[in-house]
Amino acid sequence: MARPRTYDSETLALRTLNAFWQGGYHTTSMDDLVHATGVSRHGIYKEFGGKKGMFLKSFDLYRTSIVSPAFERVEKRTATLEDIAAYFEHQISLAEANGLPGPGCLVANAATEVAPHDADVRIKVDAHNTRLLEGFASAIRNSADGLSVRRSRHLAETVLVFATGLWSLSRVTSDAQQLRRVATTFLSLMKGALK
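Predicted model, so just to flag it, every value in this text is computed and none were measured.

## Remarks on the overall build of the chain
Consideration 1: Scanning the chain from N- to C-terminus turns up nine helices and zero strands.
Consideration 2: In the chain, the succession of α and β elements from N to C terminus is α-α-α-α-α-α-α-α-α.
Consideration 3: The principal-axis extents of the C-alpha atoms in the chain amount to approximately 70 × 35 × 30 Å.
Consideration 4: The buried share of the chain, taken over its 195 residues, is 45%.
Consideration 5: Excluding contacts between residues fewer than 6 apart, the proportion of contacts in the chain whose partners are at least 24 apart in sequence is 69%.
Consideration 6: Accessible surface, the chain: about 10,400 Å² in total, of which carbon and sulfur atoms supply 52%.
Consideration 7: In the chain, the 24 positive side-chain charges and the 20 negative ones have mean positions that sit 2 Å from each other.

## Notes on the nonpolar core
Consideration 1: Ranked by internal contacts, the top residues of the largest apolar core, which has 60 residues, are Ile84, Tyr87, Phe88, Phe136 and Ile140.
Consideration 2: Looking at this core, the element that brings in the most residues is helix H4 (residues 51-75), giving ten residues.
Consideration 3: Those residues in contact with Ile84 that lie beyond four places of it in its chain are Val74, Phe136, Ala139, Ile140, Val159 and Leu187.

## Remarks on the packing of aromatic side chains
Consideration 1: Overall, the coordinates contain 13 aromatic pairs when judged by the stated rule.
Consideration 2: Centroid distance Phe20 to Phe55: 5.0 Å. Interplanar angle 80°. Geometry classified as edge-to-face. Of this pair, Phe20 sits in helix H1 (residues 9-23) while Phe55 is found in helix H4, placing the two residues 35 residues apart along the sequence. Like Phe20, the residue Phe55 is buried in the burial classification.

## Quick notes on the side chain of Thr16
Consideration 1: Position of Thr16 relative to the elements: it lies in helix H1.
Consideration 2: Its relative accessible area of 0% is what places Thr16 among the buried residues.
Consideration 3: From its side chain, Thr16 meets the backbone oxygen of Ala13 in a polar contact 3.1 Å long.

## Describing the pattern of salt bridges
Any two side chains of opposite charge can pair, so long as their charged atoms come close to each other.
Consideration 1: Overall, the coordinates contain 13 salt bridges when judged by the stated rule.
Consideration 2: One salt bridge connects Asp126 with Arg122, and the closest N-O pair in it is separated by 3.4 Å. Here Arg122 and Asp126 lie together in helix H7 (residues 119-142), a separation of four residues that amounts to about one turn.
Consideration 3: Residue classification places Asp126 among the partly exposed residues on the basis of a relative accessible area of 35%.

## Considering the side chain of Ser152
Consideration 1: Among the secondary structure elements, Ser152 is positioned in helix H8 (residues 149-169).
Consideration 2: What makes Ser152 buried here is its relative accessible area of 0%.
Consideration 3: Within polar-contact distance, the side chain of Ser152 engages the side chain of Arg141 at 3.1 Å.

## So, unusual backbone geometry
Consideration 1: Residue Pro101 is reached from Leu100 by a cis peptide bond, and omega for that bond is -5°.
Consideration 2: Note that Pro101 resides in the loop between helix H5 (81-98) and helix H6 (106-113).

## Quick look at the packing of H1 against helix H2 (residues 30-37)
Consideration 1: It is the contact of H1 with H2, at a shortest axis distance of 9 Å, that shows an interaxial angle of 130°. Judged by the angle between their axes, H1 and H2 are oblique. Crossing hand, H1 versus H2: right-handed. For the pair formed by H1 and H2, the contact residues are Leu12, Arg15, Thr16 and Phe20 on the first element and Leu33, Ala36 and Thr37 on the second.

## Considering the environment of Glu96
Consideration 1: With respect to the helices and strands, the residue Glu96 is situated in helix H5.
Consideration 2: For Glu96 and Ser170, which are 74 residues apart along the polypeptide, the C-alpha to C-alpha distance reads 9.1 Å.
Consideration 3: Residues in contact with Glu96, not counting those within four places in the same chain, are Ala176, Gln177 and Arg180.

Reading the values: rules and limits
- Residues numbered from 1 in each chain as written.
- Predicted model: local features only at pLDDT ≥ 70, side-chain atom pairs only at ≥ 80, totals over all residues.
- Heavy atoms only, no water.
- Helix = DSSP H or I, 4+ residues; strand = E, 2+ residues; numbered from the N terminus.
- Buried < 20%, exposed > 50% of the residue type's maximum accessible area, 1.4 Å probe, protein only.
- Contact = heavy atoms within 4.5 Å.
- Areas by Shrake-Rupley, 256 points an atom, 1.4 Å probe, with all protein chains shown as cover.
- Lys, Arg positive; Asp, Glu negative; His and termini not counted.
- Charge placed at Lys NZ, Arg CZ, Asp CG, Glu CD.
- Core = buried A, V, L, I, M, F, W, Y, C linked by side-chain atoms within 4.5 Å.
- Phe/Tyr/Trp six-rings, centres within 6.5 Å; stacked < 30°, edge-to-face > 60°.
- Polar contact = N/O pair within 3.5 Å; in protein donor to acceptor, adjacent residues only side chain to side chain.
- Salt bridge = Lys/Arg side-chain N within 4 Å of Asp/Glu carboxyl O.
- Axes fitted to C-alpha atoms, helices over the stretch in contact; angles between N-to-C directions.
- Parallel < 35°, antiparallel > 145°, perpendicular 65-115°, else oblique.
- Left-handed = near helix turned anticlockwise from the far one by under 90°.

Just geometry here; none of it tells us what the structure is for.
Here it is in structure tokens:
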């Protein structure tokens, strides 16, 4: 008779999220996942189909538990460039509290490490980036009278690229003030572009 399952997929994803976030997809081994979850390889394969399935579940959990609470302010109908600034500060403060250098952004990490070689991860990265682009574009449009949809989209693409670079920088700097300085400079340039 089989033993009853003593875990659920959300709990397992939460336990593996930090392993993938800290170590990356390729350097996180099945042994690391077994250690992080306390579940056998068989249990991991049965629940997720393997390491990739576990990564995809952890990726989704990251988006709902880390990205959404920070980014929802940018997605408000009345959001402006000030809300984008608050989003950057929220994430910088979180990184500072957790210790810099830190793991950066799981999505940005996956975009460079896994997505170029894996269509399933690429789809998730693209969906994440589309969400951010839409939020940034709306906030930018709200920040300048008469700004075209096309121009706001181009500026939003620039914000997305900057954000990805900022979170990558957070992986190699121990200076939160450096992150704040570059964010402040970037936002000042964005304000100038809106005039």
